[in-house]
Amino acid sequence: MSIKDCRIIELPKIHDRRGNLTFIEGGVQIPFDIQRVYYLYDVPGGAERGAHAHRSLHQFIVAMSGSFDVVLSDGSESKRFHLNRSYFGLYVCPMMWRFLDNFSSGSVCMVLASRHYDESDYIRDHDQFLSERGLS
Ligand code: TYD
């Protein structure tokens, strides 16, 4: 899959005087079924997360509060996405190198994932990533 498959998806937003409501259904708003949810919070200023790729995992990243950037690379092209609204998210397809930075204070990053945690799905070495993409 190419970086062009990774995109910002706008989620439904139900306006109400009592507050807004947004929902995400696996296979409907996002192109995979959800098997796992995790979130990053209490991220100290200047911290960077990620710096790895996944061989088969699909993910959808939402800034539930505050803001941060997600940088994606397919080995040839890279793109920086700024996330700062809880009704937008970034779909990240398999085999994308990613890191997250620029976290605002109090930000919460929620990640929906297509599979349970599996360390063997990670590529944590960038040269290995380029090799598995056929770029070295
Ligand atoms: P990791 O995905 O490496 O986080 P980041 O790339 O943002 O630094 O995960 C950090 C640690 O948390 C690692 O030891 C694995 C563990 N972990 C789980 O046990 N389950 C999970 O669902 C996730 C995402 C991480």
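Residues numbered from 1 in each chain as written. Predicted model: local features only at pLDDT ≥ 70, side-chain atom pairs only at ≥ 80, totals over all residues. Heavy atoms only, no water.

A.B. asks: Quick question: what am I supposed to make of unusual backbone geometry here?
C.D. replies: In this model, A51 sits at a positive phi of 60°, which is unusual for a non-glycine residue. Along the polypeptide, A51 turns up in strand β3 (residues 49–54). With relative accessibility at 30%, the residue A51 sits in the partly exposed group. Residue N102 is not a glycine yet carries a positive backbone phi of 65°. Secondary-structure assignment places N102 in the loop between β8 (97–101) and β9 (108–113). (Helix = DSSP H or I, 4+ residues; strand = E, 2+ residues; numbered from the N terminus. Buried < 20%, exposed > 50% of the residue type's maximum accessible area, 1.4 Å probe, protein only.)

A.B. asks: Where do I start with the state of the cysteines in this structure?
C.D. replies: Defined simply, a disulfide is a covalent bond joining two cysteines at their sulfur atoms. Taken as a whole, this structure holds 0 disulfides when the rule is applied. A disulfide-free cysteine, C6 has its sulfur positioned 3.4 Å from the sulfur of C93, the nearest such atom. For C6, a relative accessible area of 3% puts it in the buried group. (Disulfide = S-S within 2.5 Å.)

A.B. asks: Sorry if this is basic, but what is going on with the site of the ligand here?
C.D. replies: Near the ligand, the surroundings consist of R36, Y38, R49, G50, H52, Y117, Y122 and R124. G50 places a polar main-chain atom, nitrogen or oxygen, 3.1 Å from an oxygen atom of the ligand. Within the contact set of the ligand, an oxygen atom lies 3.1 Å away from a side-chain nitrogen or oxygen of H52. Protein burial of the ligand: of its 530 Å² of free accessible surface, 59% is covered by the chains. With 3 residues, β3 is the largest single contributor of residues to the shell around the ligand. Considered class by class, the residues forming the shell around the ligand number 3 nonpolar, 2 polar and 3 charged. (Near = heavy atom within 4 Å. Polar contact = N/O pair within 3.5 Å; in protein donor to acceptor, adjacent residues only side chain to side chain. Areas by Shrake-Rupley, 256 points an atom, 1.4 Å probe, with all protein chains shown as cover. Nonpolar A, V, L, I, M, F, W, Y, C, P; charged D, E, K, R; others polar.)

A.B. asks: What am I meant to see in the sheet that holds β9 here?
C.D. replies: To summarise the sheet geometry, strands pair through backbone hydrogen bonds and adopt either a parallel or an antiparallel arrangement. Reading across the sheet, the 5 strands line up as β1-β7-β4-β9-β2 and stay open at both edges, with antiparallel pairing between neighbours. Since the sheet does not close on itself, it has two edges, and those belong to β1 (7–10) and β2 (36–40), each with one partner. Within this sheet the neighbouring strands show an average axis-to-axis angle of 25°, counted without direction. In terms of strand pairing, strand β4 (residues 59–65) meets strand β7 (residues 88–92) through 4 bridges, oriented antiparallel. Bridge assignment links V62 to a residue of β7, and that residue is G89. (Pairing = 2+ DSSP bridges. Axes fitted to C-alpha atoms, helices over the stretch in contact; angles between N-to-C directions.)

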